[in-house]
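Examining the three-dimensional arrangement
Chain by chain, the residues:
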Amino acid sequence: MTARSYFTACNSAPGEILAEIAVRNHSTVLRKTQETASLNLRLLDGFMASHRDVLGWIRPQGGMTAFPWFLNGEDARPFCQAATGRGILLAPGDCFDVPSHFRLGFAASADNFARALDRMKELMESWSAKMVTT
């Protein structure tokens, strides 16, 4: 590493030009992501409503992640590990010092997110049944 990399307070000229173009065209650059996230949030609303007896959440007002939690306070890590086995990536809440929570991103392409919610619904149903029997 050079001394310049420690003291330089600006990006390269081409990087600055690209950033300016992106900022000037922010609505075009962000449109697809915003549309996808809005659609997926509506899907997530339905999912959370159908599992409100097991999961709590505060509907995100901005951004593209949700942070639901198990109402019974159970550690979400085993659930997140089981979700990984179904191709769903969730971040367990103990990474954020809140073990009963998990982080769920909803900016994935709409088709993939809908399929992931279907798999997560199956997982929730088997998880809820397991919690009742233990």
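The text that follows walks through the structure, step by step, so that each part is easy to find. Nothing here was measured: the structure is a model prediction, and the numbers come from that model. (Residues numbered from 1 in each chain as written. Predicted model: local features only at pLDDT ≥ 70, side-chain atom pairs only at ≥ 80, totals over all residues. Heavy atoms only, no water.)

With respect to the packing of aromatic side chains
How we decide: What counts as a ring pair is set by centres within 6.5 Å for rings of Phe, Tyr and Trp (its six-membered ring), and what kind of pair is set by the plane angle: stacked under 30 degrees, edge-to-face over 60, tilted for all other angles. Exposure categories follow from relative accessible area, calculated using a 1.4 Å probe and restricted to protein chains: below 20% of the type maximum is buried, above 50% is exposed, and the middle band is partly exposed.
Considering all chains together, one arrives at five aromatic pairs under this definition. Here the aromatic rings of F70 and F79 are separated by 5.2 Å at their centres, their planes lie at 80°, and the arrangement is edge-to-face. Just as F70 is buried, F79 falls in that class too. We classify F70 as buried; its relative accessible area is 1%.

A closer look at helix 3 (residues 26-50)
In an α-helix, one turn spans 3.6 residues; hence positions three or four apart end up facing the same way. Here is the rule we go by: Secondary structure counts use DSSP, requiring at least four H or I residues in a row for a helix and at least two E residues in a row for a strand, with both numbered from the N terminus. By definition here, a helix of n residues has an expected span of 1.5 Å times n minus one. By definition, a residue's bend is the angle between the axes fitted to the seven residues ending there and the seven starting there.
For helix 3, spanning 25 residues, the distance from its first C-alpha to its last is 35 Å, which sits close to the expected 36 Å at 1.5 Å a residue. Taking the largest bend as the criterion, helix 3 deviates by roughly 35°, centred on K32. Inspection of helix 3 places T36, A37, N40, L41, L44, F47 and M48 among the buried residues, and these make up the whole buried set.

Overview of the sheet that holds strand 2 (residues 65-66)
Operational definition: By definition, two strands form a pair when at least two bridges between them are found by DSSP.
Read across the sheet, three strands follow the order 2-5-4 without closing on themselves; strand pairing throughout is antiparallel. The strands lining the two open edges of the sheet, one partner per strand, are strand 2 and strand 4 (91-92). Pairing of strand 4 with strand 5 (residues 102-105) involves two bridges; the strand directions are antiparallel. Among the inter-strand pairings, A91 is bridged to a residue of strand 5, identified as R103.

Some thoughts on the pairing of strand 5
For a regular strand, side-chain orientation follows a simple rule: the groups alternate between the two sheet faces. Of the two faces of strand 5, only the one carrying F102 and L104 is buried; R103 and G105 on the other face are not. Two elements, strand 2 and strand 5, share two bridges in a ladder whose sense is antiparallel. Considered in strand 5, the bridge of T65 is made with G105.

Regarding the side chain of H101
Going by this rule: Polar contact is defined as a pair of N or O atoms within 3.5 Å, subject to the rule that within protein one atom must be able to donate a hydrogen and the other to accept it, and that residues adjacent in sequence are counted only when both atoms are side-chain atoms. Contacts are residue-level and defined by heavy atoms, with any inter-residue pair within 4.5 Å sufficient.
Along the polypeptide, H101 turns up in the loop between strand 4 and strand 5. Among the residues examined, H101 registers a relative accessible area of 14% and is labelled buried. Here the side chain of H101 touches S100 through a polar contact of 3.4 Å, side chain to side chain. Dropping the residues within four chain positions of it, H101 is found in contact with F67, P68, W69, A76, P92 and G93.

Comments concerning the side chain of N40
Structurally, the position occupied by N40 is in helix 3. Residue contacts for N40: discarding those within four places in its chain leaves F106, A107, A108, S109, A110 and F113.

Focus: the pattern of salt bridges
Applied cut-off: By definition, a salt bridge exists where a carboxyl oxygen of Asp or Glu is found within 4 Å of a side-chain nitrogen of Lys or Arg.
Per the stated rule, a full pass over the model turns up five salt bridges. For E122, the salt bridge is made with R86, and the minimal N-O distance between the two is 3.6 Å. Here the residue E122 occupies a position in helix 5 (residues 110-133), and R86 occupies one in the loop between helix 4 (77-84) and strand 4, the gap between them amounting to 36 residues. Residue classification places E122 among the partly exposed positions, given a relative accessible area of 47%. For the salt bridge of E125 with K121, the shortest nitrogen-to-oxygen distance reads 3.9 Å. Of this pair, E125 and K121 are both found in helix 5, four residues apart, which corresponds to roughly one turn of the helix. What makes E125 partly exposed here is its relative accessible area of 45%. Owing to a relative accessible area of 42%, K121 belongs among the partly exposed residues under this scheme.

Taken by themselves, the reported measurements are silent on function.
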